[in-house]
Amino acid sequence: MRNVLISGGSIAGLSLAYWLRRYGFAVAVVERAPAPRPGGHAVDLRGVANQVAERMGIMKQIRRARVHEEGMAYVDAQGRVKATMPATLFDGEGAVAEIEILRGDLTDILYAAAGPHVEYLFNDSIASLTEHHEGVHVTFENAPARVFDLVVGADGLHSTVRRLAMGPEEQFVKYLGAYNAYFTIPAAGLNLTPWFLVHTMPGAKLAAIRPDGPNTAKAMFSFKTGPLAYDRRDIRQQKRILAEKFAGGTWQTQRLIDAVWQAPDFFFDSISQVHADRWSTGRVVLLGDAGYCGSPLSGNGTAMAIVGAYVLAGELAAAGGDHVAAFDRYETLMRPYVKECQQLPPGGVDGFLPGSRLAIGVQRTMIKLMTSGPLAKLGANAAQKASSITLPDYQPADGPTVRASR
Ligand SMILES: Cc1cc2nc3c(=O)[nH]c(=O)nc-3n(C[C@H](O)[C@H](O)[C@H](O)COP(=O)(O)OP(=O)(O)OC[C@H]3O[C@@H](n4cnc5c(N)ncnc54)[C@H](O)[C@@H]3O)c2cc1C
């Protein structure tokens, strides 16, 4: 039980590769992209995910790379600030977490931490999985077929492993009614501040920017709609959908949309959750968004992926080859935490993307109440749910028991 294939080399897959190597497993990662994928906005690390990062010894790099933002500022069409969520609110454990790091930077840190002994199959994908008594026979789109003891689906919301091992996506993915796009653009000509600037528009649409190094900025768009039919590999088609949706938008929207055509790291996807009654079948198991995506609305997706990787690897090491027992323990430990983390904020997608001028005004008032008024407790909720698991201690092959640092 020492030979593991991980599908997906992002937050979940790279975290798991790190831990499995420390426990002495042979690890191969198959990733569809030509390298660990760059891109994405700031993702937040909270609660127990920070403890796992400490145990991985990467907290110093994370702190060095963290974004230095004042928080989130909601602006009107003229760029005037109408409501703010400071990062310092609730000691950094409010809606904006104390440790926010660009997703691409975190991926780089995890890739370096996983080390040189992980085998990578880039530009490839699993084509078929056939389980035998002795292991899983895997064919790839490009690489020759191989047999692995275990296969982990850490390949995100649209997981190929989940589809091949458990059934079609519709059984697991719950669309929440909106889409997101993230991409990097030149900073020249933009009115940037140390805040993540968010502009909500009537029609349930939102454009946002944040500074990103000396010469670039990160743009984000979100909009409410019914499910869209498009080709997930056709980036130009996705950019066109976005450009049409935001044509004539207020604030700096048009400037951001004009820049989308040159964006090197464009990412577009639905806001959806994944719910699966079981995260494993036979020798195949799901991790991170593939098994329990929470969506940007609930947040905590990165935290769940990092914590899930720690628990899954630790339980596999502790079970001494009994993957059935390990998968059971992984589910038992993770389920309550995932359930908490997947809870959506009050108002759901409508709270995030108000449809009318009136609703936008209500949203700004709510933000003021949640940051300083009687609803402040709701704002602190995010932190509590991110801590609703106690990390077990495990014994790596290369040193002392991994336990909580005090
Ligand atoms: C480019 C990108 C940008 C993102 N930006 C943000 C953001 O700004 N804010 C936010 O909250 N969340 C963002 N996310 C999602 C966020 O990374 C996850 O919600 C969370 O970190 C859990 O990570 P994960 O590793 O489970 O899934 P993901 O980060 O989605 O990673 C899945 C990985 O699997 C790979 N993959 C997919 N299919 C296959 C296949 N068939 N074979 C091999 N590999 C495959 C993908 O290329 C990707 O590297 C982004 C994800 C990506 C991929």
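Residues numbered from 1 in each chain as written. Predicted model: local features only at pLDDT ≥ 70, side-chain atom pairs only at ≥ 80, totals over all residues. Heavy atoms only, no water.

Where an unreviewed UniProt entry is consulted, the protein appears under the name FAD-dependent monooxygenase, with the organism given as Nonomuraea montanisoli.

1. Some remarks on the nonpolar core
Membership of the largest hydrophobic core comes to 83 residues, with the highest contact counts inside it found for Ile 6, Ile 62, Val 151, Val 307 and Met 334. Setting aside chain neighbours within four positions, we find Ile 62 in contact with Leu 45, Ala 53, Ile 99, Ile 101, Leu 106 and Ile 109. Phe 183, Leu 197, Ala 207 and Phe 223 belong to the second-largest nonpolar core, a separate cluster that totals 27 residues. (Core = buried A, V, L, I, M, F, W, Y, C linked by side-chain atoms within 4.5 Å. Buried < 20%, exposed > 50% of the residue type's maximum accessible area, 1.4 Å probe, protein only. Contact = heavy atoms within 4.5 Å.)

2. Section: unusual backbone geometry
Not every positive phi belongs to a glycine, and Asn 123 is a case in point at roughly 55 degrees. The residue Asn 123 is located in the loop between strand S7 (119-122) and strand S8 (126-131) in this model. Backbone geometry at Ser 295 places phi at a positive 85 degrees, although glycine is not the residue there. Examined against the element boundaries, Ser 295 turns out to sit in helix H9 (residues 295-298). (Helix = DSSP H or I, 4+ residues; strand = E, 2+ residues; numbered from the N terminus.)

3. A few points about the packing of helix H1 (residues 11-22) against helix H10 (residues 301-318)
Put simply, H1 and H10 touch, their axes get as near as 8 Å, and they point 30 degrees apart. It follows from the interaxial angle that H1 and H10 lie roughly parallel. As for how H1 packs across H10, the hand of that crossing is right-handed. Contacts between H1 and H10 involve Ile 11, Ala 12, Ser 15, Leu 16, Trp 19 and Leu 20 from the first element and Thr 302, Ala 305, Ile 306, Ala 309, Tyr 310, Leu 312, Ala 313 and Leu 316 from the second. (Axes fitted to C-alpha atoms, helices over the stretch in contact; angles between N-to-C directions. Parallel < 35°, antiparallel > 145°, perpendicular 65-115°, else oblique. Left-handed = near helix turned anticlockwise from the far one by under 90°.)

4. Some remarks on the pairing of strand S15 (residues 216-224)
Burial analysis of S15 places seven of its nine residues in the buried class, which makes it a mostly covered element. Strand direction decides the pairing type here: strand S12 (residues 173-186) and S15, joined by nine bridges, are antiparallel. By the bridge assignment for S15, Pro 186 is matched with Thr 216. Relative to S15, strand S14 (residues 205-212) runs antiparallel, the two sharing eight bridges. (Pairing = 2+ DSSP bridges.)

5. Topic: helix H4 (residues 103-114)
Here H4 is twelve residues long and its end C-alpha atoms lie 16 Å apart, about the 16 Å a rise of 1.5 Å per residue gives. Listing the buried residues of H4 in full gives Arg 103, Gly 104, Leu 106, Thr 107, Ile 109, Leu 110 and Ala 114. Of the residues flanking the end of H4, it is Gly 115, one or two places downstream, whose phi is positive at about 85 degrees. (Expected span 1.5 Å × (residues − 1).)

6. Details of the site of the ligand
The immediate surroundings of the ligand are formed by 28 residues, with Ser 10, Glu 31, His 41, Thr 160 and Asp 289 found nearest. Here an oxygen atom of the ligand sits 3.2 Å away from a polar atom, N or O, in the side chain of Arg 103. At 3.4 Å from a nitrogen atom of the ligand is found a side-chain nitrogen or oxygen belonging to Tyr 182. Against a free-state accessible area of 920 Å², the protein chains account for coverage of 90% of the ligand. Only H1, strand S2 (26-31) and H10 provide two or more residues apiece to the shell around the ligand. Per element, the largest residue contribution to the shell around the ligand is three residues, and it comes from H10. Considered class by class, the residues forming the shell around the ligand number nine nonpolar, twelve polar and seven charged. (Near = heavy atom within 4 Å. Polar contact = N/O pair within 3.5 Å; in protein donor to acceptor, adjacent residues only side chain to side chain. Areas by Shrake-Rupley, 256 points an atom, 1.4 Å probe, with all protein chains shown as cover. Nonpolar A, V, L, I, M, F, W, Y, C, P; charged D, E, K, R; others polar.)

7. Observations regarding the sheet that holds strand S16 (residues 267-274)
One open sheet holds the seven strands; their spatial order is S5-S4-S13-S14-S15-S12-S16, and the pairing between them is mixed. Every other strand in the sheet has two partners, leaving strand S5 (81-86) and S16 as the edge strands with one partner each. This sheet shows a mean twist of 20 degrees between the axes of neighbouring strands, independent of strand direction. Its contacts with the sheet put helix H6 (residues 235-246) on S12, strand S13 (196-201), S14, S15 and S16, and the angle it makes with S15 is roughly 75 degrees. Against the sheet, helix H13 (residues 357-372) touches strand S4 (71-75), S5 and S13, its axis set at about 35 degrees to S5.

8. A word on the sheet that holds S8
What holds strands together in a sheet is hydrogen bonding between their backbones, with the strands either parallel or antiparallel. Reading across from one edge, S8-S9-S10 is the order of the three strands in this open sheet, with antiparallel pairing throughout. Unpaired on one side and paired on the other, S8 and strand S10 (146-148) mark the two borders of the sheet. When the angles between neighbouring strand axes are averaged without regard to direction, this sheet yields 30 degrees. Summarising the sheet, strand S9 (residues 136-140) and S10 pair through three bridges and their orientation is antiparallel. Within S10, the residue paired with Val 136 across the bridge is Phe 148.

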